[in-house]
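Coordinates in review
Residues per chain, in single letters:
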Amino acid sequence: MNIDLANHPLFAYLLVILPDEWVAAETTSIKQYFKDVYGCSKALSMKPHFTLSKFVQSEKMEKAIVEHLYKFTRSIKPFDLILSGFGHFPRHTIYINIVNPSPVIDLVENFKSGFKQILTVTEQYKPIFVTKPHLTIARGMKDAQHEQAWLEWENREFKASFKVEEVVLLKKAIQHDVQDWGKYHAVKTFPFSGSTRGEEQLTFTL
């Protein structure tokens, strides 16, 4: 799908799951610790969330994406998400583990199948679909920060669970060279109902 980028400013979008209030509060407290103790400046750059997909798109496509997300989420049943302990991407990120990631992975795969075409602006801006869902504590860490923090948190206990009943679409304005500009804000919330019989065919009319 080719968009005239000169006439249609681009926005960065995130499709996310937000945790419940308790998990959000506990995670924010840990994020604050990472900022204060290890100097991880990005730990508090965003509120706690589980990213499902990240994509760049013209705002003119937003209405179509929103309408079809409503259709998509009608067929999804709420599910429980179980969190336990910490994991890491060596040298740059520490996160909270999901014990049962399968429902999230299935959700992302179904979203990818139905939406990949409309989310692709050009070859330069391809959508990202998460393959290992997690709850980030700190990212973009320096080697020394990661080493110090992982030694302390590798065996720390964290246990929680909550019911996932919706996804949220976030967006922020960006420049054409995809340099960040501003902060994400919510576009819409899409509740799960599991009420649609069978799989609904997603056909985009632009």
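These numbers were taken from a predicted model, which means no experiment stands behind them.

Quick notes on the packing of helix α2 (residues 62-74) against helix α3 (residues 102-119)
Where α2 contacts α3, the axes come no closer than 12 Å and their chain directions differ by 155 degrees. Put simply, α2 runs roughly antiparallel to α3. Of the two elements, α2 crosses α3, and the hand of that crossing is right-handed. Contacts between α2 and α3 involve Ala-64, Ile-65, His-68, Leu-69 and Phe-72 on the former and, on the latter, Leu-107, Asn-110, Phe-111, Phe-115, Ile-118 and Leu-119. Here the residues of the contact of α2 with α3 sort into nine nonpolar, two polar and no charged.

Some points on the sheet that holds strand β4 (residues 93-98)
Ordered by their spatial adjacency, four strands build an open sheet running β6-β4-β3-β7, and the pairing between neighbours is antiparallel. Because the sheet does not close on itself, it has two edges, and the strands there are β6 (135-138) and β7 (159-164). The sheet shows a mean angle of 35 degrees between the axes of neighbouring strands, taken without regard to direction. In the sheet, strand β3 (residues 79-89) pairs with β7 via six bridges, with the strands oriented antiparallel.

Remarks on the confidence of the model for the protein
Per-residue pLDDT for the protein has a mean of 88; in total, 86% of the residues score no lower than 70. Counting interchain partners and residues more than four positions distant, the pLDDT-below-50 stretch residues 196-206 has 19 contacts.

Describing empty space enclosed by the protein
Going through the model one piece at a time under the given rule, you end up with one cavity of 30 Å³ or more. Within this model, the largest cavity holds a volume of roughly 30 Å³. Forming the boundary of the largest cavity are Leu-15, Leu-52, Phe-72, Thr-73, Ile-76, Leu-107, Phe-111, Val-167 and Phe-192. For the lining of the largest cavity, the secondary-structure elements that each account for two or more residues are α2 and α3. Along the lines of polarity and charge, the residues of the lining of the largest cavity split into eight nonpolar, one polar and no charged.

So, the environment of Thr-131
By the secondary structure assignment, Thr-131 is in the loop between β5 (128-129) and β6. Residue Thr-131 is classed as exposed on the basis of its relative accessible area of 65%. As for Thr-131 and Leu-52, which are separated by 79 residues in sequence, their C-alpha atoms are 8.4 Å apart.

The rules we used
- Residues numbered from 1 in each chain as written.
- Predicted model: local features only at pLDDT ≥ 70, side-chain atom pairs only at ≥ 80, totals over all residues.
- Heavy atoms only, no water.
- Axes fitted to C-alpha atoms, helices over the stretch in contact; angles between N-to-C directions.
- Helix = DSSP H or I, 4+ residues; strand = E, 2+ residues; numbered from the N terminus.
- Parallel < 35°, antiparallel > 145°, perpendicular 65-115°, else oblique.
- Left-handed = near helix turned anticlockwise from the far one by under 90°.
- Contact = heavy atoms within 4.5 Å.
- Nonpolar A, V, L, I, M, F, W, Y, C, P; charged D, E, K, R; others polar.
- Pairing = 2+ DSSP bridges.
- pLDDT = per-residue confidence, 0-100.
- 1 Å grid on protein atoms, 1.4 Å probe; cavity = no way out; pocket = protein on both sides within 12 Å on 5 of 7 lines; lining within 4 Å.
- Points joined across faces, edges and corners; volume = space filled by probe spheres on them.
- Buried < 20%, exposed > 50% of the residue type's maximum accessible area, 1.4 Å probe, protein only.

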